[in-house]
Amino acid sequence: GNHTQTKFILLGITDSPCARALLFGLFLLIYIVTLAGNIGITVLAWVVPSLHTPMYFFLTHFSFADICYSTVISPKMLADLLSENKTISFAGCAMQFHFFAFFATAECRLLAAMAYDRHVAICNPLLYVTVISSHVRRRLVALSYLLAFLSAVIYTNCTFGGSFCGPNQIDHFFCDISPVLKLVCSDTRTSEMAVFAFVVMNTVGTSTIILVSDTCILPAVLRMRSAQSRSRAFHTCASHLTAVSLSYGTIFFMYLQPASSHGSLDKVASIVYAVVTPMLNPFIYSLRNKEVKDALVKCRRR
């Protein structure tokens, strides 16, 4: 883009020194739990043979995306909470947003792939091994990353492709679409419409797949004769819908509203999906599952 700014200043979450110290401790703890939970699930799925299933194959990639996009945001945010110098270079800002958009979009695609996997497992259990073969699941994951990368390139170009010739203060704790576009000197309506269109395709498209999948699953679950099987299926669906609600609810709030509607709640919503949700996902998806609990017991005995 035709820009003159070489760096930006991130205004962060708050100016209060006391509040910043408390938030640093809280967010540092959340980041540590995020890394421990997601790395733990990934390692456990690799080393325990009973977890070498398609569901945990998708979960390891989901945990990898959680680790990456949390790491893109949290270390810089934590450093800024302790520092008065909150500058970030133009290239650094663009790269931070690009990788955040890449891994966040990949998560949406992986959630849809996991919904399809769960649909086949419950509705067509006899064909499950054939339909969700190792070749198919590798292609689904590769396609998720590819589409996420292309989307991230478009988001980044729309956000940073304009002219930055005025203020350089970003009223946020990381480089996100809305606060960055507010600094663009040129007309941003085309960029905003393009971002909106691709967010709709990525989020509404994948969330529709998830909802249709769960709607089709419900009759199959109700037909199960075993109470234990019904309980397990409902538990799996409930965990998936909880994670979907947390992720998509905040994403819809942030990116599917007019630019004029953005306000003080944006930072709260961003904290939920960029900081808190990656910490909760291991507990929602894995640490409450019987298979994971059994695998943890086996590892502890060893």
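Residues numbered from 1 in each chain as written. Predicted model: local features only at pLDDT ≥ 70, side-chain atom pairs only at ≥ 80, totals over all residues. Heavy atoms only, no water.

**Points about the side chain of Asn202**
The cut-off we apply is this: Going along the chain from the N terminus, every DSSP run of H or I of four or more residues is numbered as a helix, and every run of E of two or more is numbered as a strand. Each residue gets one of three labels from its accessible area relative to the maximum for its type: buried under 20%, exposed over 50%, partly exposed in between, using a 1.4 Å probe on protein chains only. N or O atoms within 3.5 Å of each other form a polar contact, as long as, within protein, one can give a hydrogen and the other can take it, and as long as residues adjacent in sequence are counted only when both atoms are side-chain atoms.
The residue Asn202 is located in helix 7 (residues 189-222) in this model. Residue classification places Asn202 among the buried residues on the basis of a relative accessible area of 4%. A polar contact of 3.2 Å, which involves the side chain of Asn202, links it to the side chain of Ser151.

**Observations regarding the packing of helix 2 (residues 54-82) against helix 9 (residues 265-285)**
Axes are the key here: two packed helices are described by the angle between their axes and the distance separating the axes. Applied cut-off: To get an axis, fit a line to the C-alpha atoms, keeping to the stretch in contact for a helix; angles then go from 0 to 180 degrees between the N-to-C directions. Each angle gets one of four labels, with under 35 degrees taken as roughly parallel, over 145 as roughly antiparallel, 65 to 115 as roughly perpendicular, and the rest as oblique. By convention the crossing between two helices is left-handed if the near helix lies anticlockwise of the far one by an angle smaller than a right angle, and right-handed if it lies clockwise. Contacts between residues were defined by any pair of non-hydrogen atoms, one from each residue, lying within 4.5 Å. Under this grouping Gly is polar, as are all residues other than the nonpolar Ala, Val, Leu, Ile, Met, Phe, Trp, Tyr, Cys and Pro and the charged Asp, Glu, Lys and Arg.
For the pair helix 2 and helix 9, interaxial distance at closest approach is 9 Å and the crossing angle is 150 degrees. The angle between the axes of helix 2 and helix 9 places the two elements in the roughly antiparallel class. The handedness of the crossing between helix 2 and helix 9 comes out as left-handed. Of the residues in helix 9, those in contact with Leu59, Phe62, Asp66, Tyr69, Ser70, Ile73, Ser74 and Met77 of helix 2 are Tyr273, Ala274, Val275, Pro278, Asn281 and Tyr285. A per-class count over the contact of helix 2 with helix 9 returns 10 nonpolar, three polar and one charged.

**Observations concerning the sheet that holds strand 1 (residues 7-10)**
To be explicit about the condition: DSSP bridges decide pairing: two strands pair if at least two such bridges lie between them.
Pairing in this open sheet of three strands is mixed, and the strands run 2-1-3 from one edge to the other. Every interior strand has two partners, whereas the edge strands, strand 2 (87-89) and strand 3 (169-170), have only one. For strand 1 and strand 3, the ladder comprises two bridges, and the chain directions are parallel. The partner of Leu10 across the bridge, within strand 3, is Ile170.

**Concerning the UniProt feature "transmembrane region" (unreviewed entry) in the protein chain**
This is how it is decided: UniProt positions are given in the numbering used here, feature names are shortened, and annotations may be inferred rather than shown by experiment.
The residues that UniProt annotates with the feature "transmembrane region" (unreviewed entry) are residues 21-48, 87-106, 143-164, 193-221, 233-256 and 268-287. With 85% helix and 15% strand, residues 87-106 has end C-alpha atoms that lie 28 Å from one another. Helix and strand shares over residues 193-221 are 100% and 0% respectively, and the end C-alpha atoms of the span are 41 Å apart.

**Regarding the confidence of the model for the protein chain**
We apply this condition: Note on scores: pLDDT gives the predictor's confidence for each residue, bounded by 0 and 100.
The predicted model of the protein chain has a mean per-residue pLDDT of 85, with 89% of residues at 70 or higher. Least confident of the elements in the protein chain is helix 10 (residues 290-301), whose mean pLDDT is 72; most confident is helix 5 (residues 134-160), at 94.

**Description of the packing of aromatic side chains**
For any pair of aromatic rings, geometry is given as the distance between the ring centres together with the angle between the planes. To keep things clear, this is the line we draw: Under the pairing criterion, centres of Phe, Tyr and Trp rings, with the six-membered ring standing for Trp, must be within 6.5 Å; the plane angle then separates stacked pairs below 30 degrees from edge-to-face pairs above 60, leaving the rest tilted.
Summed over the entire model, instances satisfying the criterion amount to 17 aromatic pairs. Seen from their ring centres, Phe102 and Tyr145 are 6.2 Å apart, and the 40 degrees between their planes marks the pair as tilted. With Phe102 in helix 3 (residues 90-123) and Tyr145 in helix 5, this residue pair connects regions lying 43 residues apart in the sequence. Of the two residues, Phe102 and Tyr145, both sit in the buried class. Pairwise contacts between aromatic rings join Tyr69, Phe100, Phe173, Phe174, Tyr255 and Tyr273 into one cluster.

**So, the state of the cysteines**
Our working rule: Any pair of cysteine sulfurs within 2.5 Å is marked as a disulfide.
Overall, the coordinates contain two disulfides when judged by the stated rule. Cys93 shares a disulfide with Cys175; S-S distance 1.9 Å. As the torsion about the S-S bond is roughly -125 degrees, the Cys93-Cys175 disulfide counts as left-handed. Linking Cys93 in helix 3 with Cys175 in the loop between strand 3 and helix 6 (177-181), this pair joins segments that are 82 residues apart in sequence. On the basis of relative accessibility, which here comes to 0%, the residue Cys93 falls in the buried class. The class of Cys175 is buried, set by a relative accessible area of 0%. Note on cysteine connectivity: Cys165 is disulfide-linked to Cys185, with sulfurs 2.2 Å apart.

**A short note on helix 2**
Note on helix geometry: an α-helix contains 3.6 residues per turn, so any two residues three or four positions apart are oriented the same way. Which entries qualify depends on this criterion: Working rule for helices: expected span equals 1.5 Å times residues minus one. At any given residue, the bend is defined as the angle formed between two axes, one fitted to the seven residues that end at that position and one fitted to the seven that begin there.
Here helix 2 is 29 residues long and its end C-alpha atoms lie 42 Å apart, about the 42 Å a rise of 1.5 Å per residue gives. Thr71 marks the point of greatest bend in helix 2, at about 35 degrees, and the proline Pro75 comes within the next four residues.

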